[in-house]
Amino acid sequence: MPNGTPIDRQWIFITRKGIIAIDWGNGYAQDIATGEFFPYAEAIYSHPAADTDLELLVRMGRVEKYDKRTVYVYALPERPQRTLD
């Protein structure tokens, strides 16, 4: 059984700048390689992540494994959120 966090593969995409990212919704995406969050808009979308893209992340140690439906991502930083004062 995989140890990584399962992410539905439909939410993993490549930006026009070549960043492999997760679309978390609400206008935010996360770079899987660095863990950085960035604003997401359709204009930066290039294409869905291919097996070759995901294989690079496996070699980098960011993804444990993947299949046709799911990508198992190792721990990523949580999105910074404002706290209630």
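Residues numbered from 1 in each chain as written. Predicted model: local features only at pLDDT ≥ 70, side-chain atom pairs only at ≥ 80, totals over all residues. Heavy atoms only, no water.

(A) Seen up close, the nonpolar core. Among the nonpolar cores identified, the biggest contains 12 residues, and these are Ile7, Ile12, Ile14, Ile20, Ile22, Ile32, Ala49, Leu54, Leu57, Val63, Val71 and Val73. Contributions of two or more residues to this core are made by β2 (12-15), β3 (20-25), α1 (51-60) and β8 (70-73). If we ignore the near neighbours within four places in the chain, the residues touching Leu54 are Arg9, Ile12, Ala49, Tyr66 and Val71. The next biggest cluster of nonpolar side chains, apart from the first, holds 5 residues, and it includes Phe13, Ala21, Ala29 and Phe38. (Core = buried A, V, L, I, M, F, W, Y, C linked by side-chain atoms within 4.5 Å. Buried < 20%, exposed > 50% of the residue type's maximum accessible area, 1.4 Å probe, protein only. Helix = DSSP H or I, 4+ residues; strand = E, 2+ residues; numbered from the N terminus. Contact = heavy atoms within 4.5 Å.)

(B) A look at α1. If you check which residues of α1 are buried, you get Asp53, Leu54 and Leu57. With its buried residues spanning 95 degrees around the axis, α1 presents them on a single face. Opposite the packed face of α1, turned more than 90 degrees from it, sit the exposed residues Thr52 and Arg59. Close packing links the buried residues of α1 with β2, β3, β6 (45-48), β7 (63-66) and β8. Looking one or two places after α1, you find Gly61, whose phi comes out positive at around 85 degrees. (Arc of directions from axis to C-beta.)

(C) Representation of the pairing of β2 within the structure. Here β2 shows two buried faces, one formed by Ile12 and Ile14 and the other by Phe13 and Thr15. Between β2 and β3, which pair antiparallel in sequence order, lie 4 residues; one of them, Gly18, sits at a positive phi of approximately 90 degrees. The pairing of β2 with β6 spans 3 bridges and is antiparallel. The residue of β6 that forms the bridge with Phe13 is Pro48. (Pairing = 2+ DSSP bridges.)

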